[in-house]
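Read off the chains here:
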Amino acid sequence: MLVLAIETSCDETSAAVLRAPETGTRTSGTCPPSESLRAPEILSNIVLSQDDVHAPYGGVVPELASRQHLRSITAIVGEALSRAGVGIAEIDLYTVTQGPGLIGSLLVGLSFAKGLAYFHKKPLLGVDHLEAHLEACFLENPAIAYPALGLLVSGGHTALYLMVEPLSYKLLGRTRDDAAGEALDKIAKFLGLGYPGGPVIEKLGKSGEAKAFPFGVPRTKDRSLDFSFSGLKTAALKLIRENGLTKDDPRLADFLASFEEIVARTLVDQVRAAADQVQPRSLLLCGGVARNTRLRTRFQDYARRAGFDAYVPSPKLCTDNAAMVGAAALKRFARCPELSTDLDLDAFARS
Ligand code: KG4
Ligand code: ZN
């Protein structure tokens with residue numbers, strides 16, 4: 001069985017073709033135990049970034065993003081099929097990110113997928129973008145043990161989920177203001193370092209001393225599992241102003257390393273607090289910011305010390321990509337194969 005997945009929730013136009021694993025005969029409506037699940041095979045996963053389009057503005061411009069998706073979507077889907085060596089008539093299931101994301105961008109992918117599914121008379125499945133990020137972890141490690149505690153860190157979201165079984169995603173905590181990636185992007189923008197900020201901060205801060213600039217780990221007063229990054233962002237802006245930092249300053253690497261370190265520590269501290277509460281069997285880290293080496297290292301170090309199995313997708317599966325959408329869809333399809341082409345499927349901007 002072959003699935004064509006489309007992802008256009010923000011500023012990446014992506015399409016992927018995946019082959020479902022053989023599952024054997026099963027009664028519809030029952031879910032196989034996670035240990036018996038095998039990962040789908042990624043035949044292609046094409047991602048066209050719009051970074052160059054948005055870089056002059058220091059962040060994503062929604063109207064430009066949807067126009068760019070419109071320009072690229074046909075070619076990207078064509079490229080995904082040709083790299084996979086698959087003809088469109090061979091596709092058995094279409095899937096697309098339904099939300100959350102930029103509404104105009106989502107509508108481009110959704111309308112395109114609807115058109116294909118309708119024309120080829122095949123089922124269409126809408127997928128939640130955040131669930132897709134979590135499912136990216138299972139693409140390379142299908143037998144991750146449940147319950148799994150997942151930290152999703154991206155440009156738009158920072159949230160902790162408890163997955164007690166396949167396809168169950170219980171939100172434990174989320175950011176009350178900025179997402180972690182957003183905080184990195186805004187500091188980079190303020191310093192004139194370009195967009196997206198996370199990779200630039202990582203590159204320029206690599207040689208820096210992470211203890212050079214004093215940052216305190218932000219705490220929510222009610223000991224909840226929520227996050228807050230706006231205080232950290234304000235503290236960073238204050239330090240930039242007080243020290244007269246510019247992008248050419250020799251202390252820049254130290255400052256960026258210190259900021260990156262506090263973001264990573266804040267995230268891992270909250271994973272620790274959540275793990276103490278819910279006692280998971282595995283820990284997951286996903287989303288664009290999960291590409292960050294410092295965060296990956298802090299996360300793995302904590303997991304090792306605490307005795308958890310920890311899983312972080314390969315960098316290309318952390319940032320937005322259609323393979324993760326295909327993975328989420330195939331897991332749902334495996335449980336409930338009776339699907340239709342729902343042409344009333346709506347995009348949603350917020351979860
Ligand atoms: O998941 P994603 O591709 O899109 C959203 O769903 O938001 O994440 C994009 C975010 C951006 O904020 C970007 O700065 C951040 O991921 N990012 C990184 C790195 N690569 C991308 N942050 C830190 N270090 C990186 N290497
Ligand atoms: Zn994302």
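Before any of the text, the structure's been laid out above.
Residues numbered from 1 in each chain as written. Chains lettered and ligands numbered in written order. Predicted model: local features only at pLDDT ≥ 70, side-chain atom pairs only at ≥ 80, totals over all residues. Heavy atoms only, no water.

Student: Is there a simple way to explain the coordination of the zinc ion (ligand 2) in this structure?
Tutor: Ideal values for angles at a metal depend on the geometry: 109.5 degrees with four tetrahedral donors, 90 or 180 degrees with six octahedral donors. Listed as protein donors to the zinc ion (ligand 2) are His129 (NE2), His133 (NE2) and Asp320 (OD); their distances from the metal cover 2.0 to 2.1 Å. With 4 donor atoms in place around the zinc ion (ligand 2) and angles of 94 to 143° between them, the coordination shape is irregular. (Donors = N, O, S within 2.8 Å, 3.2 Å for Na, K, Ca; no water. Tetrahedral: all angles 85-135°; square planar, octahedral: opposite > 155°, others 65-115°.)

Student: Just checking my understanding: could you explain empty space enclosed by the protein for this structure?
Tutor: To find leftover empty space, a probe the size of one water molecule is rolled over the atoms. Across all of its chains, the model carries 2 cavities of 30 Å³ or more by this definition. Considering only enclosed or pocket space, the largest cavity measures out at about 50 Å³ in volume. Contributing to the lining of the largest cavity are Leu184, Glu260, Val263, Ala264, Leu267, Val289, Asn292 and Leu295. Counting residues per element, the lining of the largest cavity draws most heavily on helix α8 (residues 252-278), at 4 residues. Residue classes in the lining of the largest cavity are distributed as 6 nonpolar, 1 polar and 1 charged. Its volume calculated, the second largest cavity comes out at about 30 Å³. Along the walls of the second largest cavity sit Val127, Glu131, Leu167, Tyr169, Ala328 and Arg332, which together make up its complete lining. Here the residues of the lining of the second largest cavity are counted per class, giving 4 nonpolar, no polar and 2 charged. (1 Å grid on protein atoms, 1.4 Å probe; cavity = no way out; pocket = protein on both sides within 12 Å on 5 of 7 lines; lining within 4 Å. Points joined across faces, edges and corners; volume = space filled by probe spheres on them. Helix = DSSP H or I, 4+ residues; strand = E, 2+ residues; numbered from the N terminus. Nonpolar A, V, L, I, M, F, W, Y, C, P; charged D, E, K, R; others polar.)

Student: Looking at this structure, how should I read the packing of aromatic side chains?
Tutor: Under the defined criterion, the tally for this structure stands at 6 aromatic pairs. Ring geometry for Phe138 against Tyr146: centres 5.6 Å apart, planes inclined by 15°, an arrangement best described as stacked. This pair shows no difference in class: Phe138 is buried, exactly as Tyr146 is. Measuring from ring centre to ring centre gives 5.8 Å for Phe215 and Phe259, while their planes differ by 50°; the resulting arrangement is tilted. Placement of Phe215 in the loop between α6 (197-205) and α7 (230-242) and of Phe259 in helix α8 is noted, with a sequence separation of 44 residues between them. (Phe/Tyr/Trp six-rings, centres within 6.5 Å; stacked < 30°, edge-to-face > 60°. Buried < 20%, exposed > 50% of the residue type's maximum accessible area, 1.4 Å probe, protein only.)

Student: Just to check I follow, could you spell out the environment of Leu139 for this structure?
Tutor: Secondary-structure assignment places Leu139 in helix α4 (residues 129-140). Residue class for Leu139 comes out buried when judged on its relative accessible area of 9%. In this structure, the C-alpha to C-alpha distance between Leu139 and Gly326, residues 187 residues apart in sequence, is 9.8 Å. When sequence neighbours within four positions are dropped, the list of residues in contact with Leu139 reads Leu18, Ala39, Pro40, Ile42, Leu317, Ala323, Met324 and Ala327. (Contact = heavy atoms within 4.5 Å.)

Student: I keep staring at the state of the cysteines and nothing clicks. Help me out?
Tutor: A covalent bond between the sulfur atoms of two cysteines is what we call a disulfide. Here the structure, examined in full by the defined rule, presents 0 disulfides. Cys137 takes part in no disulfide bond, and the closest cysteine sulfur, belonging to Cys286, lies 4.6 Å away. (Disulfide = S-S within 2.5 Å.)

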